Amino acid sequence: MEEDTVESSALKVNAAENKEKIEILLKATGNAPILKTKKWMVEKEKTVAAIIEFLRKLLKLDSSDALFLYINQAFAPSPDQTMKNLYDCYSTEGRLILHYCKTQAWG
Amino acid sequence: MANDTEILHYLWNGKLAVCFQLDEQEIHGIQNPEPFYLMVPRMSYFPLVCDKVKKHFLKHVDPEKQELEMWLEYKDIPLKWNYPIGVIYDLFTIDNKQVDLPWKITIHFDNFPEDKLIRCSCRDAVESNFMSSMKEADMLKHRSQVFATMQRHQHSQLWTGLLNDKFDQFWSENKKLMEPTEGNYFKHIPIHFYQSGSTSMTQTLVKPISDDGNQITLGELIKLHYPSMDNPKVFTHGICIPKETPVQWMSEHMSYLDNFLHIIVV
């Protein structure tokens, strides 16, 4: 029983941690419109899909327009990947840089 | 890379017996559809093996709903098509007890769970998702130096090897991705962590060797990531892995085809 309590309190800590925010930097690539504000604080539990949706609204894209997001100008993270995972693996100087593009840039 | 090729064959041939059934609420008409049985490769992805399943059940679904995207569910949990099939199966392992085979999966066409699943518009979506994972893995292992120098036809060997279940075709190219480019070790180990009973995944930077130059073992890695857990068991491909296994060896021999290790902590 004691183990249960330890684990559930660990889960609570995790839940609180995921509400914490991290800094992301949104950079335009190719023909994508540039944002006035590039730096955003987002919750760790936000997914790539949520960021793409957020960007689509900011950029006022048509529903027919495609939008791609890239890490390290190298690969497109899966839509269900979380900001926390990406930040833990690919952040530099305390922020996560995401490139966005209206056409496929890096495959 | 991989000198122990026997294990590569062994894991490639891993299959699961699945029994697909249409959700009772979605049966249209008086005739109940027969369940559909299939042996599916653990290493593959559901959208790549479910064409026949869809065809079998489609005639039993309301014609107005036949155009909707088919999705899968087990014990009220929607199954992510972008995880390898073997990973999804192992997520339901509890206390050393694996799900009984055949694995009874429920088919749905209606009420797509938008908040839990990403849509899979077509086979191309699976391909681009798979290729992106490989690229990411190569960035972690070799700072993107290998995948980018491969030709387009070499990339397509990887994909068609998976699609057509051709081991030699896949490994003729994949072996290049599984060789350390500097010394005996990858820069980082591509790895996804899961806890059984949950579909969420965590990922961190994992090094194959410690600062003092020793190989990091699975046991050490798990202790680092799950400090509060008391002696957890670690599964991949349905196998409980000994704690003394070096993570570099695991990465070369026990990665799924997307070049990531998928580790389930029970």
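These numbers come from a predicted model, not from an experiment.

### Examining the interface of chain A and chain B
- Taken residue by residue, the interface counts 18 residues in chain A and 19 residues in chain B.
- Looking at the side of chain A facing chain B, the largest losses of area belong to Phe75, Asp80 and Cys89 of chain A, adding up to 30% of the total buried there.
- In this assembly, chain A and chain B are joined by 1 salt bridge.
- A salt bridge links aspartate 80 of chain A to lysine 80 of chain B; the shortest N-O distance between them is 3.1 Å.
- Applying the counting rule to chain A against chain B returns 8 residue pairs in polar contact (both at pLDDT 80 or more).

### A few points about the side chain of serine 132 of chain B
- One can find serine 132 of chain B in helix α5 (residues 123-142).
- Note on serine 132 of chain B: relative accessible area 8%, which makes it buried.
- Setting aside chain neighbours within four positions, we find serine 132 of chain B in contact with Phe75 and Ala76 of chain A.

### Description of the UniProt feature "domain: Autophagy protein ATG5 UblA" (unreviewed entry) in chain B
- Per the UniProt record, the feature "domain: Autophagy protein ATG5 UblA" (unreviewed entry) sits at residues 11-109 of chain B.
- Helix makes up 21% of residues 11-109 of chain B and strand 26%, and the two end C-alpha atoms of the span are 32 Å apart.

### Brief notes about the packing of aromatic side chains
Residue and element names in this part refer to chain B.
- In this structure the tally under the stated criterion is 15 aromatic pairs over all chains.
- Ring centres of tyrosine 45 and phenylalanine 130 lie 6.1 Å apart, and the angle between their planes is 75 degrees; this geometry places the pair in the edge-to-face category. One end of the pair, tyrosine 45, is in the loop between β2 (36-41) and α2 (46-49); the other, phenylalanine 130, is in helix α5, with 85 residues separating them in the sequence.
- Between the aromatic rings of tyrosine 74 and phenylalanine 92, the centroid separation amounts to 4.8 Å while the plane-to-plane angle is 80 degrees, which identifies the pairing as edge-to-face. Here the residue tyrosine 74 occupies a position in strand β3 (residues 71-74), and phenylalanine 92 occupies one in the loop between α4 (85-91) and β5 (103-108), the gap between them amounting to 18 residues.
- The residue whose ring lies beneath arginine 119 is phenylalanine 112, and the NZ or CZ to ring-centre distance is 4.0 Å.
- Here the guanidinium or amino end of lysine 141 rests over the ring plane of phenylalanine 186, the centre of that ring lying 5.0 Å away.

### Some thoughts on the packing of α5 of chain B against helix α7 (residues 167-177) of chain B
Residue and element names in this part refer to chain B.
- Two elements in contact, α5 and α7, have axes whose closest approach is 11 Å; the angle formed by their N-to-C orientations is 35 degrees. Between α5, through Phe130, Met134, Asp138, Lys141 and His142, and α7, the contact on the second element is made entirely by Phe170, Asn174, Lys176 and Leu177.
- Of the residues that constitute the contact of α5 with α7, the class distribution is 4 nonpolar, 2 polar and 3 charged.

### Structural notes on helix α9 (residues 247-254) of chain B
Residue and element names in this part refer to chain B.
- Within α9, 7 of the 8 residues are buried, leaving the element largely enclosed by the surrounding structure.
- Along α9, the residues that are buried comprise Val247, Gln248, Met250, Ser251, Glu252, His253 and Met254.
- In this fold, the buried residues of α9 make contact with α1 (5-12), α7, α8 (218-225), β8 (234-236), β9 (239-240) and β10 (261-265).

Procedures and definitions
- Residues numbered from 1 in each chain as written.
- Chains lettered and ligands numbered in written order.
- Predicted model: local features only at pLDDT ≥ 70, side-chain atom pairs only at ≥ 80, totals over all residues.
- Heavy atoms only, no water.
- Contact = heavy atoms within 4.5 Å.
- Buried area = accessible area lost by both parts, 1.4 Å probe.
- Salt bridge = Lys/Arg side-chain N within 4 Å of Asp/Glu carboxyl O.
- Polar contact = N/O pair within 3.5 Å; in protein donor to acceptor, adjacent residues only side chain to side chain.
- Helix = DSSP H or I, 4+ residues; strand = E, 2+ residues; numbered from the N terminus.
- Buried < 20%, exposed > 50% of the residue type's maximum accessible area, 1.4 Å probe, protein only.
- UniProt positions renumbered as here; feature names shortened; annotations may be inferred.
- Phe/Tyr/Trp six-rings, centres within 6.5 Å; stacked < 30°, edge-to-face > 60°.
- Lys NZ or Arg CZ within 6 Å of the ring centre and 35° of its normal.
- Axes fitted to C-alpha atoms, helices over the stretch in contact; angles between N-to-C directions.
- Nonpolar A, V, L, I, M, F, W, Y, C, P; charged D, E, K, R; others polar.

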